[in-house]
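Examination of the molecular architecture
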Amino acid sequence: MRRGDAQRIARMSRDLVEHGLPWTWTAQRVTTHIRGRDSNVLGAWYEERLVGFAIMQFYAERAHLNLLAVQPAVRRLGIGQRLVEWQEQVARAGGIPVVNLEVRANNPGAQAFYRRLGYRQGEHLPGYYQGREAAIRMNHDLWQESASG
Ligand SMILES: CC(C)(COP(=O)(O)OP(=O)(O)OC[C@H]1O[C@@H](n2cnc3c(N)ncnc32)[C@H](O)[C@@H]1OP(=O)(O)O)[C@@H](O)C(=O)NCCC(=O)NCCS
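Rules and cut-offs
- Residues numbered from 1 in each chain as written.
- Predicted model: local features only at pLDDT ≥ 70, side-chain atom pairs only at ≥ 80, totals over all residues.
- Heavy atoms only, no water.
- Phe/Tyr/Trp six-rings, centres within 6.5 Å; stacked < 30°, edge-to-face > 60°.
- Buried < 20%, exposed > 50% of the residue type's maximum accessible area, 1.4 Å probe, protein only.
- Lys NZ or Arg CZ within 6 Å of the ring centre and 35° of its normal.
- Helix = DSSP H or I, 4+ residues; strand = E, 2+ residues; numbered from the N terminus.
- Arc of directions from axis to C-beta.
- Contact = heavy atoms within 4.5 Å.
- Core = buried A, V, L, I, M, F, W, Y, C linked by side-chain atoms within 4.5 Å.
- Pairing = 2+ DSSP bridges.
- Axes fitted to C-alpha atoms, helices over the stretch in contact; angles between N-to-C directions.
- Near = heavy atom within 4 Å.
- Polar contact = N/O pair within 3.5 Å; in protein donor to acceptor, adjacent residues only side chain to side chain.
- Areas by Shrake-Rupley, 256 points an atom, 1.4 Å probe, with all protein chains shown as cover.
- Nonpolar A, V, L, I, M, F, W, Y, C, P; charged D, E, K, R; others polar.

Overview of the packing of aromatic side chains
As enumerated under the stated definition, the model contains three aromatic pairs in all. When the ring of Phe113 is compared with that of Tyr114, the centres are 5.1 Å apart and the planes differ by 65 degrees; the resulting orientation is edge-to-face. When the centroid spacing of 5.0 Å and the interplanar angle of 85 degrees are considered together, the rings of Tyr128 and Tyr129 count as edge-to-face. Look at Tyr128 and you get partly exposed, because its relative accessible area is 38%. In this structure an aromatic cluster arises from ring pairing among Phe113, Tyr114 and Tyr119. It is Arg29 that lies over the ring of Trp25; its NZ or CZ is 3.7 Å from the centre.

This is the structure we're talking about:
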């Protein structure tokens, strides 16, 4: 994605991911990730419209899926899965063994989505979102999956 896309991504985060919580993924924060050398900000386009995005940050021994959303009108078409798998391919290419993420505890749809992609439920993190709401940490062991074919 380009810096000019930051505002649209930030608005999607506000409306689709952070609804009911303070807006933390502002355009400025998204821009930092677009420019950052350790992050990938990936967009999905459908009929020339931005309909989804995924932000992944890469560390030495893990990658962290910071943010993911797909517009409601085009859900269940495989777009979310393709975004995550594309980012995971980058992690694999870099020899990174694990991807983790936090998801709102009251978002069973997203948790089911991640389980389908091979993520396993980890810690329960009370008050993770500004002390207001709990998160579930989820982990995907990329090496174990490769080893088991
Ligand atoms: C979670 C999200 C990104 C999924 O995107 P998507 O493009 O609809 O997902 P896909 O079409 O790739 O789904 C792949 C599989 O995951 C599972 N899945 C996806 N959404 C699901 C849901 N709401 N409930 C149960 N399973 C789900 C299904 O098995 C699906 O395959 P199927 O449609 O053949 O049954 C999307 O629902 C979304 O943007 N939600 C709001 C924001 C959010 O919760 N983001 C994640 C936390 S940061």
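More follows now that the structure is in view.
Some points on helix α2 (residues 27-35)
All of the buried residues along α2 are Ala27, Val30, Thr31, His33 and Ile34. Projected onto a plane normal to the axis of α2, the buried residues spread over an arc of 160 degrees and lie on a single side. More than 90 degrees from the buried face of α2, the exposed residues found are Gln28, Thr32 and Arg35. Where α2 is buried, its residues touch α1 (6-17), β1 (39-46), β2 (49-58) and β3 (63-70).

Observations concerning the nonpolar core
Grouped together as the largest cluster of nonpolar side chains are 26 residues, with contacts concentrated most on Leu65, Leu83, Val99, Tyr114 and Tyr119. Secondary structure elements with two or more residues in this core: β1, β2, β3, α3 (79-93), β4 (98-104), α4 (108-116) and β6 (133-141). Once you skip the residues sitting within four places of it in the chain, Tyr114 turns out to touch Leu65, Leu68, Leu101, Val103, Tyr119 and Met138. Ala6, Met12, Trp25 and Leu67 belong to the second largest nonpolar core, which has 14 residues in total.

Here we look at the sheet that holds β1
Ordered by their spatial adjacency, six strands build an open sheet running β1-β2-β3-β4-β6-β5, and the pairing between neighbours is mixed. Edge strands, defined here as strands with exactly one partner in the open sheet, are β1 and β5 (120-129). Adjacent strand axes in the sheet meet at a mean angle of 25 degrees, parallel and antiparallel pairs treated alike. In this structure, β1 lies alongside β2, joined through eight bridges in antiparallel fashion. From the neighbouring strand, Ser39 faces β2, where its bridge partner is Gln57. Of the strands in this sheet, β1, β2, β3 and β4 are in contact with α1, which crosses β2 at around 90 degrees. In the packing of α2 onto the sheet, contacts are made with β1, β2 and β3, and the angle to β1 comes to roughly 105 degrees.

Quick word on the site of the ligand
Within the structure, the ligand sits among 19 residues, and Val70, Gly78, Gly80, Asn107 and Arg116 are positioned closest to it. One of the backbone nitrogen or oxygen atoms of Val70 is found 2.8 Å away from an oxygen atom of the ligand. In the model, an oxygen atom of the ligand is placed 2.8 Å from a nitrogen or oxygen of the Gly78 main chain. Bound to the protein, the ligand loses 78% of the 910 Å² it would expose on its own. Those elements that place two or more of their residues in the shell around the ligand are α1, β3, α3 and α4. Top element by residues in the shell around the ligand is α4. It accounts for six residues. When grouped by side-chain class, the residues that make up the shell around the ligand number 11 nonpolar, five polar and three charged.

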